[in-house]
Amino acid sequence: MKTILIVGIGTGNPEHLTVQAINALNRADVLFIPDKGAGKGDLAELRREIVARYVTNPAGRTVEYGVPKRDAANPDYGAGVDDWHAALAGRFEALLADVPDGGACAFLVWGDPGLYDSTIRIIERLGTRFAVEIIPGITAIQALTAAHGIALNRIGEPVHITTGRRLGPVHDDTVVMLDGQTAFLNADPDLDIFWGAYLGTPDQITIAGRLGDVRDEIVATRKAARERHGWIMDTYLLRKRD
Ligand SMILES: C[S@@+](CC[C@H](N)C(=O)[O-])C[C@H]1O[C@@H](n2cnc3c(N)ncnc32)[C@H](O)[C@@H]1O
């Protein structure tokens, strides 16, 4: 049986890798690096850097694969995702044919594989022919709260995690990910926002304050950074003022 290691690599800092993740990468005969196309080269480059820095197993070789584009009309986790998962499952199947019998391969997954990532679900589509191990990673949420020097939850309080598209009225403390639409512009201006982009990388940017006071600065900073890098990943926490 072949083993598939789904390894969380953290959110942009090679030092986010756990010892467990490094050991898993060194068990792999093949390490898969996704190429998400124009403008996302930095993300593939970070994975290459991780392999160069931590993989000492001479048998481990790297294979890059193209990620099929998602329907532009459905840029996040809405309708159309099933077709996209099916396309990726087909690609994974072809990649796995290259892994030796009894050997192992690793998928290097951004952040933690269990948070807004499809790899686990896509691998599940391949059935039970493979042994699957999941190695957790540092998420964008942990990188965000650490960068702001805050705790995620208030004492004994719940936390809600959602996407920009699904952001509604904020009752509990709310973390927003996958927000290409700057959904915070429609939120109550009296909330506090803790915003971060490129968290964990040398380009990390953070802004915090009363939403009504800092939202224009976030929009302008976000736009300029996106133009500079060709891509942006940002996450934020909205919370009622104490
Ligand atoms: C497809 S999800 C992947 C989440 C990832 N699995 C995790 O554990 O954080 C992509 C979203 O994660 C957030 N994200 C990932 N890396 C980030 C970073 N370095 N800085 C800020 N947000 C990040 C953004 O909200 C982005 O839209």
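Residues numbered from 1 in each chain as written. Predicted model: local features only at pLDDT ≥ 70, side-chain atom pairs only at ≥ 80, totals over all residues. Heavy atoms only, no water.

Got a minute to help me understand the domain arrangement of the chain in this structure?
Accessible area lost on assembly of the parts is the figure often given for the size of an interface. You can read the domains of the chain as domain 1 (2-138) and domain 2 (141-239). Between domain 1 and domain 2, the C-alpha centre-to-centre distance is 26 Å. If you look at the interface, domain 1 gives 17 residues, while domain 2 gives 17 residues. Where domain 1 abuts domain 2, roughly 1300 Å² becomes buried across the two surfaces, and 61% of that area is made up of carbon and sulfur atoms. (Domains from an automatic or database assignment. Contact = heavy atoms within 4.5 Å. Buried area = accessible area lost by both parts, 1.4 Å probe.)

Could you clarify how one ought to interpret the side chain of Thr-162 in this entry?
For Thr-162, the location among the structural elements is in strand E6 (residues 159-163). With a relative accessible area of 6%, Thr-162 lands in the buried category. When near neighbours in sequence (up to four residues on either side) are disregarded, Thr-162 contacts Tyr-116, Leu-167, Thr-174, Val-175, Val-176 and Met-177. (Helix = DSSP H or I, 4+ residues; strand = E, 2+ residues; numbered from the N terminus. Buried < 20%, exposed > 50% of the residue type's maximum accessible area, 1.4 Å probe, protein only.)

What is the right way to look at the environment of Arg-215 in this model?
For Arg-215, the position within the fold is in helix H6 (residues 211-229). By relative accessible area, Arg-215 is classed as partly exposed at 24%. The sequence separation of Arg-215 and Gly-8 amounts to 207 residues, and the corresponding C-alpha distance is 31 Å. Other than its neighbours up to four places away in sequence, Arg-215 contacts Phe-184, Leu-185, Ala-187 and Pro-189.

Help me out: how do you make sense of the site of the ligand in this one?
Asp-112, Leu-115, Ala-140, Asp-234 and Thr-235 are the nearest of the 17 residues found near the ligand. Measuring from a nitrogen atom of the ligand, one finds a side-chain N or O atom of Trp-110 at 2.8 Å. In the model, a nitrogen atom of the ligand is placed 2.8 Å from a nitrogen or oxygen of the Leu-115 main chain. In isolation the ligand exposes 570 Å². Once the protein is present, 92% of that is buried. Looking at the shell around the ligand, its residues break down into ten nonpolar, five polar and two charged. Built from parts of two domains, the shell around the ligand gets at least three residues from each of domain 1 (2-138) and domain 2 (141-239). (Near = heavy atom within 4 Å. Polar contact = N/O pair within 3.5 Å; in protein donor to acceptor, adjacent residues only side chain to side chain. Areas by Shrake-Rupley, 256 points an atom, 1.4 Å probe, with all protein chains shown as cover. Nonpolar A, V, L, I, M, F, W, Y, C, P; charged D, E, K, R; others polar.)

Before we go on, may I ask you to explain the sheet that holds strand E1 (residues 2-8) in this structure?
The pairing of strands in a sheet happens through backbone hydrogen bonds and is either parallel or antiparallel. If you walk across this open sheet you meet the five strands as E3-E2-E4-E1-E5, and the pairing is parallel. One side of each edge strand has no neighbouring strand; the edge strands of this open sheet are strand E3 (61-66) and strand E5 (130-135). Strand-to-strand twist in this sheet, taken as the mean axis angle between neighbours without regard to direction, amounts to 25°. For strand E2 (residues 30-35) and strand E4 (residues 104-109), the ladder comprises three bridges, and the chain directions are parallel. Pairing of Leu-31 across the sheet is with Ala-106, part of E4. Most of the contacts of helix H2 (residues 41-54) go to E2, to which it runs at about 160°, and overall it touches E2, E3 and E4. (Pairing = 2+ DSSP bridges. Axes fitted to C-alpha atoms, helices over the stretch in contact; angles between N-to-C directions.)

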